Amino acid sequence: MLDKQSPVPMYAQIEDYLKNQILQGGFVIGVAIPSERELTDTFGVSRMTVRQSITNLVNEGLLYREKGRGTYVATPKIEQPLSLTSFTEDMLSRGMKPSNKLVSFEKMIPEIDIAQELQLAKGEEVFIVKRIRYADDKPMAIERSYLPVKLVPDLELNNIEGSLYSFIEKDKRLIISHASQRMEAVLVKKEDAEFLQISMPSAVLMIERISYLTNDVPIEIVRSTYRADRYKFISEIRR
Ligand code: 16G
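So, how was this worked out
Residues numbered from 1 in each chain as written. Predicted model: local features only at pLDDT ≥ 70, side-chain atom pairs only at ≥ 80, totals over all residues. Heavy atoms only, no water. Buried < 20%, exposed > 50% of the residue type's maximum accessible area, 1.4 Å probe, protein only. Helix = DSSP H or I, 4+ residues; strand = E, 2+ residues; numbered from the N terminus. Pairing = 2+ DSSP bridges. Near = heavy atom within 4 Å. Polar contact = N/O pair within 3.5 Å; in protein donor to acceptor, adjacent residues only side chain to side chain. Areas by Shrake-Rupley, 256 points an atom, 1.4 Å probe, with all protein chains shown as cover. 1 Å grid on protein atoms, 1.4 Å probe; cavity = no way out; pocket = protein on both sides within 12 Å on 5 of 7 lines; lining within 4 Å. Sits in = over half its atoms within 2 Å of the grid points.

Chemist: Explanation requested: the pairing of strand E8 (residues 203-213) in the structure shown.
Modeler: Burial analysis of E8 places nine of its 11 residues in the buried class, which makes it a mostly covered element. Strand direction decides the pairing type here: strand E7 (residues 176-187) and E8, joined by 11 bridges, are antiparallel. For Ala 179, the partnering residue across the bridge sits in E8 and is Ser 211. Of the strand pairs in this sheet, E8 and strand E9 (residues 218-227) are connected by nine bridges, and their pairing is antiparallel. In the sheet register, Glu 208 faces E9, and the bridge partner there is Arg 223. Following E8, the chain reverses through four residues before pairing antiparallel with E9; Asp 216 in that reversal takes a positive phi of roughly 70°.

Shown next as structure tokens:
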């Protein structure tokens, strides 16, 4: 099966083979792939070579290892277009069940950077909502949302249990029109690792979104930490 004359290293050829099996359904999601020893025998290479191929696919999120049990085919990541939609809308549109767990809900004068980005005058307050967001009961992200109290003064616990965008748009009749967003890869913080049920160290995607109403008034700053093994963000670009 391997081409020993090829300039493509053995581990990369094995990696390609395994990847094709995963993508074409030869290996099934949640089911163990053949053991390192079996693969070593099949391909006639060293265990080190097989391990390198598997490690690359684990790092890519196609496989995951369970200590002492084996290596399994991972659930494909959610491919999320970068658009101004809400978590609830995103999950419903893919037939998944969104849910939230409220970690904290506070009203306070924010730090200076938040106040500036929300264009608040001195002493103006924000609601800070921290939620864990689930899809089909699996933790996907942690979100810290900062909303100016003057724009949504009657925000209450029961509004946060559902969709914040639905509250802003349907209940408050404000129109969220545009946003700026930035994303970076970071290592997860200990506290977030527990909420997201991932081990340390793990890479996560940090996104900050500032959303504006039609009149350019900022309505929210949201700092989100997404599981990098469950999410990939995609954007359509044109030249
Ligand atoms: C998304 C948004 C977040 C927004 C939230 C509202 C990203 C990166 N973030 O998670 O800014 O506040 O949706 O969701 O997409 P909700 O209406 O379901 O509460």
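Chemist: Looking at this model, I keep getting lost on the site of the ligand. Mind explaining?
Modeler: The immediate surroundings of the ligand are formed by 15 residues, with Thr 88, Glu 143, Ser 163, Leu 164 and Glu 220 found nearest. Between the ligand and Leu 164, the relevant distance is 2.7 Å, taken from an oxygen atom to a main-chain nitrogen or oxygen of the residue. At 2.9 Å, a backbone N or O of Tyr 165 approaches an oxygen atom of the ligand. Out of a free accessible area of 450 Å², the ligand has 98% covered by protein chains. Among the cavities detected, the one that contains the ligand is the largest cavity. Every element with two or more residues in the shell around the ligand is listed here: helix H4 (87-93), strand E5 (126-135), helix H7 (164-171), E8 and E9. Sort the elements by how many residues they give to the shell around the ligand and E9 lands first, with three residues.

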